[in-house]
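Listed here are the chains, written in short residue letters.
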Amino acid sequence: MNRRKALVIGSGIGGIACAIRMQSLGFDTTILEKLDGPGGRASVHKAEGFTFDMGPTVLTVPHFIEELFSLERDKAMLGEADFPPEILDENQRIKEGVSGGPNTQRYVDIRPILPFYRIYFDDGTWFDYDCDPDNTRAQIARLAPEDVEGYDRFHEAAKAIFDRGFLELGYTYFGDITSMLKVTPDLIKLDAVRSLFSFVKKYFKSDKMRQVFSFETLLIGGNPQKVPAIYAMIHFVEKTWGVHFAMGGTGELVAGLITKFEELGGRVEYGAEVARINVTRQHGKPQATGISLQDGTVQEADVVISNSDYANTYLKLVDARYRRINRDSLVKLRKQSMSLVVIYFGFKADDNDPDLQHHNIILGPRYEELLTDIFDKKVLADDFSQYLHIPTLTDPSLAPPGHHAAYTLIPVPNKLSNLNWSELSESYTNTVLTFLDERGYIPGLRNRLVYQRTITPDYFEGTLNAHLGNGFGVEPVLIQSAYFRPHNRSEDVRNLYLVGQGTQPGGGTPSVMMSAKMTARVIAKDLQVDAGIVNACPAGQVNP
Ligand SMILES: Cc1cc2nc3c(=O)[nH]c(=O)nc-3n(C[C@H](O)[C@H](O)[C@H](O)COP(=O)(O)OP(=O)(O)OC[C@H]3O[C@@H](n4cnc5c(N)ncnc54)[C@H](O)[C@@H]3O)c2cc1C
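No experiment lies behind these values; they were computed from the predicted model shown. (Residues numbered from 1 in each chain as written. Predicted model: local features only at pLDDT ≥ 70, side-chain atom pairs only at ≥ 80, totals over all residues.)

Helix and strand counts for the protein come out as 18 helices and 19 strands. Relative to the 2.2 N^0.38 estimate, which gives 24 Å for 544 residues, the radius of gyration of the protein is 23 Å and therefore close to what a compact globule would have. Across its three principal directions, the C-alpha atoms of the protein cover 65 × 50 × 45 Å. Per-residue burial over the protein gives 55% buried out of 544 residues. In the protein, once contacts between residues fewer than 6 apart in sequence are set aside, the share between residues at least 24 apart is 72%. (Helix = DSSP H or I, 4+ residues; strand = E, 2+ residues; numbered from the N terminus. Rg over C-alpha atoms; globule rule 2.2 N^0.38 Å. Buried ≥ 20, exposed ≤ 12 C-beta atoms within 10 Å, placed from the backbone. Contact = placed C-beta atoms within 7 Å.)

An order of E9-E2-E1-E13-E19 is seen for the 5 strands of this open sheet, with the pairing classed as parallel. Looking along the sheet, the strands with just one partner apiece sit at the ends: strand E9 (267–269) and strand E19 (496–498). Recorded for the sheet is a direction-independent mean angle of 20 degrees between the axes of neighbouring strands. (Pairing = 2+ DSSP bridges. Axes fitted to C-alpha atoms, helices over the stretch in contact; angles between N-to-C directions.)

What follows deals with helix H14 (residues 368–377). For H14, the complete set of buried residues consists of Leu-371, Asp-373, Ile-374 and Phe-375. Within H14, the buried residues cover an arc of 165 degrees as seen down the axis, which keeps them to one side. Facing away from the buried side of H14 by over 90 degrees, the exposed positions are Asp-376 and Lys-377. In this fold, the buried residues of H14 make contact with strand E17 (403–412). Immediately beyond the C-terminal end of H14, within one or two residues, lies Lys-378, with a positive phi of roughly 55 degrees. (Arc of directions from axis to C-beta.)

Quick look at the confidence of the model for the protein now. Overall, the predicted model of the protein reaches an average pLDDT of 93, with 95% of residues at or above 70. Contacts of residues 532–544 to residues separated by more than four positions or lying in other chains number 27 contacts, the stretch itself having pLDDT below 50. (pLDDT = per-residue confidence, 0-100.)

Before going further, it helps to examine unusual backbone geometry. Glycine aside, residues mostly have negative phi, and peptide bonds are mostly found in the trans state. Cis peptide bonds are those with omega within 30 degrees of zero, and the linkage from Leu-114 to Pro-115 qualifies with -10 degrees. Tracing the sequence through the fold places Pro-115 in the loop between strand E5 (110–112) and strand E6 (117–120). In this structure, the amide linkage connecting Gln-504 to the following residue, Pro-505, adopts the cis form with an omega of 5 degrees. Looking at where Pro-505 falls in the secondary structure, it is placed in the loop between E19 and helix H18 (509–526). With phi around 50 degrees, Val-61 is a residue other than glycine that occupies positive phi space. As for its placement among the helices and strands, Val-61 is situated in the loop between strand E4 (50–53) and helix H2 (62–69). You will see that Ala-482, though not glycine, has its phi angle at about 50 degrees, which is positive. Relative to the assigned elements, Ala-482 resides in the loop between helix H17 (457–462) and E19. Residue classification places Ala-482 among the buried positions, given that 21 C-beta atoms sit within 10 Å.

Next comes the structure, spelled out in structure tokens:
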């Protein structure tokens, strides 16, 4: 059978998810990955008996994962309900202690984590964040009794945003302005277009609760002061489906997805950096015909899907003469998300270690001012907030016996700051590890440390090809959301599509899985692939 051919540039979670969907649409799909392993931001670093997930650790919406593992060759399944009623039974899976559906379990063991996060404040108090409203009320009553009543109102408002913004509109592809105008009145009614932080301030009086109910967008590159309040839905997404961990690390999820893709007949090439997306003019309109690798090899395809960074895709891979909309000036005008320093470290366990959790948010003395330093002023402050991940508390196999594997992630300005990270990296790492040691989070850490490695904005820029070393693609601000976010179907080049965190709907592992489905839907429509119909067609005769 002569099948149509798809090339996916990059093996981030969004890229692999889209590649699996292309196999289900009947294409012959090859993933071309620059690095020597899959996952992109979700790569794995192994050293001296330690296994470190380099990126995502908080898995949400296990249904999206189950959906990918249940796909079959030549069965598009794009018309099925995105949120079937049986998955909306709040917390049932968490209560049962089972996260992965039956298809997921064949590839990876995913388990719920409780509490979702322990949030430490600078005065040493802490808040355990989970999905149980009674427990949440008790935690609020302990730290800020004046905010218990506000929580109930916040909960209701966040649910309304979740129902409309996620369950009903989450999969809407905003390819034209009309699609956006149609939903704008609803979002205004829900008060979902103001900034998340100002939304949260309406319900909570104490600084602590304002931080607890707004920090989460930082895990997808959003400044709580700038992201629209539609992101209040995260609270409800987590409450509905929980926070999960893949045993063996997120790398096991990535490995499972690659296995699934290969079982469906897909191919992956590693060490295959794409240098250019090849374009010709067909009836005057630019059309993608394939790619050229750095070594000069040319591969032809009917569809090219870029999972590479949005700005990198247009600025580096598509010749400027074919870009009418995504011109250098527009691409460079877009705000990029903040960057990160991530320190991966292994240390000897101690029976007297304090009661840290799997996911710990350690907030610094300043919140709003620190966000302004990172996102607006683009300066490296003396203080910092961090997310400390200790997966060996759930899965000891990630470290040699008697040791913990951990990472700590610190939001820092992207490369518009002009900071020299090759000079700063070592001292910054020491400052952060000393803080964890001296403030008693991991007492004696420096004497117990057996392994450490740090990545900085240089890694995001140089290794992952992320413009300005962004950690999470284009920053999720109102004027870069929905229709105004980069489009999954290139406006400039026919048969070129984008997928992943820089596109619609946005960053984070559930969103890039949604982005893969949205891109696949657009391709199925453009290339007239009917659900359930095997997609054979002579190469080159597509998209009339
Ligand atoms: C440290 C960190 C922690 C995070 N924590 C969480 C979390 O807990 N939960 C959550 O939901 N999200 C989290 N995120 C966000 C989440 O990881 C990302 O949004 C998501 O993984 C991005 O996936 P993607 O498909 O957009 O591709 P990416 O992961 O960005 O991958 C893109 C791939 O393209 C490849 N590539 C680029 N250019 C080329 C080229 N020219 N040729 C070939 N290949 C190329 C790159 O090598 C890379 O493999 C975190 C991110 C980071 C960095």
